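# Residue-level structure breakdown
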Amino acid sequence: MKVNIVVFGRLKDRFGGRSSLEITMVDPAKLRQAIRAVEAGGEPLGADVAVAVNGRIVRGDADLQDGDEVLLLPPVSGG
């Protein structure tokens, strides 16, 4: 199954400036497995990064389906 990972803000730097990448996973898959795949070879995303699947904030035990879109959302600050 294929899952599209979309990254925002400072996380783009981590992926060479790309805003998205597609990963292939074995079905059935959990969100935490997708997170581990994007963290492989790099530093952990951090507890402050929110994760959404198909536009809904979810937890790591969420099930993934073929074609799902996983959004990695770093914290935003400003004023």
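Our subject is the structure that appears above.
If you're wondering where the values come from, they're calculated on a predicted model, not measured in any experiment. Each chain carries its own residue numbering, running from 1 in the written order of its sequence. Where local features are concerned, this predicted model is filtered to residues with pLDDT of at least 70; where side-chain atom pairs are given and counted, the filter is 80 or more; whole-chain, interface and lining totals use all residues. For side-chain calculations, the full set of non-hydrogen atoms in the structure is used, while hydrogens and water are omitted.

Before going further, it helps to spend a moment on the overall build of the protein chain. Runs of E in the DSSP output that reach at least two residues are strands. Runs of H or I that reach at least four are helices, and both are numbered from the N terminus. Assigned secondary structure in the protein chain consists of two helices and seven strands. Going from the N terminus to the C terminus, the protein chain shows its helices and strands as β-α-β-β-α-β-β-β-β. Every radius of gyration here is taken over C-alpha atoms, with the globule rule written as 2.2 Å times N^0.38, N being the number of residues. Against the globule reference of 12 Å for 79 residues, the protein chain gives a C-alpha radius of gyration of 12 Å, in line with a compact fold. For the protein chain, the spread of C-alpha atoms along the three principal axes comes to 40 × 25 × 20 Å. Burial status across the protein chain gives 35% buried among its 79 residues. One way to put it: in the protein chain the 10 positive side-chain charges average out to a point 3 Å from where the 11 negative ones average out. When a residue's accessible area, from a 1.4 Å probe over protein chains only, is under 20% of the maximum for its type it is buried; when over 50% it is exposed; and in between it is partly exposed. For the purpose of charge, His is not counted, nor are the chain termini; Lys and Arg are scored as positive and Asp and Glu as negative. Where a charge lies is defined by one atom per residue type, namely NZ (Lys), CZ (Arg), CG (Asp) and CD (Glu).

A few words on helix α2 (residues 31-39). Listing the buried residues of α2 in full gives Leu31, Ala34, Ile35, Val38 and Glu39. Taken down its axis, α2 places every buried residue within 135° of arc, on the same side. Summarising the geometry, the arc corresponds to the directions from the helix axis toward the C-beta atoms.

Between any two strands, pairing holds if DSSP finds at least two bridges. Taken in spatial order, the five strands of this open sheet run β2-β1-β7-β4-β5, and their pairing is mixed. Both edges of this open sheet fall to β2 (20-24) and β5 (56-57), since each of them pairs with a single strand only. Sheet analysis places strand β4 (residues 50-53) next to strand β7 (residues 69-73), joined by four bridges and oriented antiparallel. Residue Ala52 lies in a different strand from β7, and its bridge partner there is Leu71.

Here we come to the pairing of β2. Residue alternation in β2 divides its side chains into a buried set, Leu21 and Ile23, and an unburied set, Ser20, Glu22 and Thr24. As paired elements, strand β1 (residues 2-7) and β2 share five bridges and run antiparallel to each other. Among the inter-strand pairings, Val3 is bridged to a residue of β2, identified as Ile23.

By themselves, these figures tell us nothing about what the structure is for.
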